[in-house]
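# Structural overview
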Amino acid sequence: MISFAPEDDQQIAMDLSRKFAAEAIRPHLRAWEQAGAVAPEGQAAFDALGLCALDLPESPAFGNADEAARRMTTLCLVHEELAFGDAGAAVALWAPHGATHAVAELADREQWDRLLPPLVHGPADSAGPLRGAVAYSERVPTGLFAGFSTLAVPQRNGYALSGRKSFVVNAGLADLTLVFAQINPDAGWDGFGVFAVTGRPGRREGMRVGERHGLLGLDTVTVGELIFEECFVPEEDRLRGGGAIGAAVQRYLARVQLVGAARQVGLSRAAYEYALSYTQDRRAFGKPVAHFQAIAFTLADMLMDVEAARWLLWRAAAVVDRGPLDRAACSLCAQAAAHANEAAWRTADNAVQLLGGAGYIQDFPVEKWLRDTRVLSLLSGADPLHHEFIAEAELGIPPTSLAGGLSYGLPGAALQAVLS
Amino acid sequence: MIDFELTQPQQLVKDFLQRLATTVIRPGSLAWDRDHKVPDEIIEKLADLRGGVSMGEVPAEYGGEGGGIGETRDKKGTSQKNRFAVLGAEELAWGDAGLLLNLPGPGLGAPPVHLLGTPEQKQRFFAVFDKPGLHWGAYGLTEPGAGSDVSGIRTSCKKDGKDWILNGRKCYITNGGRADWVVIFATVDPAQGRAGQRAFVVEKGTPGFSVGKIEEKMGLRASETAELVLDDVRVPEDNLLGGEARYQGKEGFVGAMQTFDSSRPMVAALGLGIARAAYEYARDFVRDNYLLTRPLPRYAQLAGMLADDARSLQAARLMIWRAAWMADEGIPNAKEASMSKAYAARVAMKVCRDAVQLMGAHGLLKENFVEKWYRDIKVFDIFEGTGQIQRIVISRRILREAPVF
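Please read these numbers as outputs of a predicted model, since none were measured by experiment. (Residues numbered from 1 in each chain as written. Chains lettered and ligands numbered in written order. Predicted model: local features only at pLDDT ≥ 70, side-chain atom pairs only at ≥ 80, totals over all residues. Heavy atoms only, no water.)

On to the nonpolar core. Ranked by internal contacts, the top residues of the largest apolar core, which has 209 residues, are Leu82, Leu258 and Leu299 of chain A together with Leu166, Phe200, Val202 and Leu241 of chain B. The residues contacting leucine 258 of chain A, other than those within four sequence positions of it, are Met72, Cys76, Leu313, Ala316, Ala317, Val320, Cys333 and Ala336 of chain A. The next biggest cluster of nonpolar side chains, apart from the first, holds 27 residues, and it includes Ala107, Tyr136, Phe148 and Leu239 of chain A. (Core = buried A, V, L, I, M, F, W, Y, C linked by side-chain atoms within 4.5 Å. Buried < 20%, exposed > 50% of the residue type's maximum accessible area, 1.4 Å probe, protein only. Contact = heavy atoms within 4.5 Å.)

On to the interface of chain A and chain B, then. By convention, interface size is frequently given as the accessible area that disappears when the constituent parts associate. If you look at the interface, chain A gives 51 residues, while chain B gives 52 residues. Counting across the interface, chain A meets chain B through six salt bridges. In this structure, arginine 400 of chain B and aspartate 281 of chain A form a salt bridge, with 2.9 Å as the shortest nitrogen-oxygen distance. With 17 residues, helix 10 (residues 293-322) of chain A is the single largest residue contributor to the side of chain A that touches chain B. Here the side of chain A that touches chain B is composed, by residue class, of 30 nonpolar, ten polar and eleven charged. Of the strand pairs in this sheet, strand 1 (residues 3-4) of chain A and strand 1 (residues 2-3) of chain B are connected by two bridges, and their pairing is antiparallel. (Salt bridge = Lys/Arg side-chain N within 4 Å of Asp/Glu carboxyl O. Helix = DSSP H or I, 4+ residues; strand = E, 2+ residues; numbered from the N terminus. Nonpolar A, V, L, I, M, F, W, Y, C, P; charged D, E, K, R; others polar. Pairing = 2+ DSSP bridges.)

Moving on: the pattern of salt bridges. Counted according to the given criterion, the structure contains 64 salt bridges over all chains. Of the charged contacts in the structure, one is a salt bridge between lysine 170 of chain B and glutamate 143 of chain B, with a shortest N-O distance of 2.9 Å. Separated by 27 residues along the polypeptide, lysine 170 of chain B in strand 4 (residues 163-174) and glutamate 143 of chain B in the loop between strand 2 (137-140) and strand 3 (156-160) bring together distant segments of the chain. For the pair shown, lysine 170 of chain B and glutamate 143 of chain B are each scored as buried. With a closest N to O distance of 3.1 Å, lysine 213 of chain B and glutamate 215 of chain B form a salt bridge. Owing to a relative accessible area of 12%, glutamate 215 of chain B belongs among the buried residues under this scheme. Several salt bridges converge on common partners, so that one network encompasses Arg18, Glu80, Glu81, Arg269, Glu273 and Arg310 of chain A.

All right, on to the packing of aromatic side chains then. Applying the stated rule across the entire model yields 27 aromatic pairs over all chains. Where phenylalanine 46 of chain A meets tryptophan 94 of chain A, the ring centres are 5.9 Å apart and the plane angle is 55°; that geometry is what we call tilted. Residue phenylalanine 46 of chain A is located in helix 3 (residues 40-49), and its partner tryptophan 94 of chain A is located in helix 6 (residues 87-94); the two are separated by 48 residues in the primary sequence. Tryptophan 94 of chain A shares its class with phenylalanine 46 of chain A; the two are buried. Consider the rings of tryptophan 311 of chain A and tryptophan 314 of chain A, whose centres lie 5.0 Å apart with planes at 75°: the pair is edge-to-face. Linking tryptophan 311 of chain A with tryptophan 314 of chain A, this pair stays in helix 10, spanning three residues, or about one helical turn. Since its relative accessible area comes to 5%, tryptophan 314 of chain A is described here as buried. Grouping aromatic residues by their ring pairs yields a cluster made of Phe4, Trp311 and Trp314 of chain A together with Phe4 and Trp325 of chain B. In this structure, arginine 269 of chain A packs its charged tip against the face of phenylalanine 84 of chain A, placed 4.1 Å from the ring centre. Here lysine 287 of chain A stacks its cationic end above the ring of phenylalanine 292 of chain A, 4.6 Å away from the centre of that ring. (Phe/Tyr/Trp six-rings, centres within 6.5 Å; stacked < 30°, edge-to-face > 60°. Lys NZ or Arg CZ within 6 Å of the ring centre and 35° of its normal.)

All quantities given are derived from atomic positions and should not be read as evidence of function.
Spelled out as structure tokens, the structure:
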């Protein structure tokens, strides 16, 4: 039934997140940006909320099976509220828990029981949960060849990882890093695996931190490189994805897109509300600036951008919750991501514009959000890949960017042929 | 709950209307545009087949089918009327939006009669739709000198004994030339602004009430749009909607405006239907022609256009569904109704433009539907409140104080 009403448990999660965003995130957004990290007490306060438990299908966070069944939608509601406080802080606060959902999707039962509890609750002898990271992207352009450039060379009882991962959120700060690496270079996108590498870089043989990236935005988040030099990973730490690694990676990427879209919606709402308030207080030519038609119309367009992006995101999340995650559902996730990216960029840009000179200086948050949104949109996959996937699904033609039923973020053989 | 699946009755209605559009409507669509007319037998056939989708709602207590089509209350008893209406509107407009405006019924004349009329008046005016043959109602507000600025109407009404004398000119009236009656908005004194406005039902054949010209339009040519002339038209006081007691404040104006919260999402849905039709037509053309010689990555920009249009249509649909859901739930939705129209109209324009572009020269040929839809869609950012007026409505609701522009 067509309905836009969050359930009670969802409303509670939203209210909790909204309150935290207003009281514990927004006041600190500049300080944390300048420090390049959230303050430890901020992280502790966030962890104490227990929101990250929403990432796990079997979690005490859910009162019943129905709540668990709609968790993607609930997650999107929460991520919008947190990003409304500040997108950079929202990403940074969730980052230590960023591997949890990936492990949950990609692990089999034995690995689930072994690897998840320390990530969720912490090891028996420590103060808090382990921090996670996901090492997926590489500097090597994906168009050059099929597969990852980071290799996982089979050894006795395990694999030796060698290569360089870039754009890793929480690089160097994680106790457990999921690494996507190539086992069989001849099998292209059919030949990779996902490895749970435990231990911090520098304290783990064969893994060290490279440089931290200086980025256009999202400065609060640590994004950097990890270098692997014959780093041994035992066989039992290669995630077995319940036998269907391709489908598991597809679910992982769908979540990345939807969470990314939710953060963009939160960011765009923050920019809109800030500009709405500012332009009513700021006076020029004898009246509030908002009372000039060009400004009022821009504000109306910004609100429409925010809401349209949100409803499309909700639809994608509802479809993912309902299942199955087929091609149409994946296309909807890509649509939600692409639409939210555009809406956020335009809303943030309008917000800077509406504040005039003040929009450009760092006394006001809108310029930060205009920088943040650019980085956020790349974190959930490049728009050209979204476009290609959506268009293929719409045309009903065999995918050029799917390989053997695997996730669409990875260019397939036909695309390789075109690019080379 | 947050959910967007159609109920089974909704899916059945959608499928039924889609079949109707494909088998009965589309085959005649280009000819009606070319000839500027829909034959009566087609209108009669559709009026029988459409399963209760009427243009303008005749309330159940006055002989109509009440709200919308099929099962309109869900299990909790909440109305689904508006959601059904936008779903139905999208499918029928996918067929031919101009045709839809030809369907018999009170049209936009229904809401003012419903909201302002006395029980006797409602009985009298809605009764005509029970009679055999094709009958229409119409809504006469716009004038050559007053479109967006409704308070600027100059058609005058002057009490004369037990009658009123009306003088003036109305334009852009859908079905105005053949309606059994038209709701005409007139003013006792322009200086009083909205407080001076009155709503009358003027019946066809009343002396002095005549059709001026039938407009030649860019699009929606299957729909007849008329100019109406009122030359000392004598209207009995029984045809003043609601009687004089109704107009102590500014009821007339309020009556005119109140209809838009339900009608704007429906009009937006009509535009969405046209745009979706154009998008699908062009997409299928790309699939069946361009991909024979090169794979899609060699048409990266076309893929980008298709992807942008697909997601924009989805987003526009959801804006409309949101406004309709709020109306069904009884949540005040003036802002969302205006947003849905403003947003959908802009999206639809872009999609229709892209559809012509995607087909290249073929998109310009009259034998291809996208040429017609490109012409049809422009009016959707203009009638039922221009995009600019929608943005005034929206900004009045988001700002703390209403701006004076």
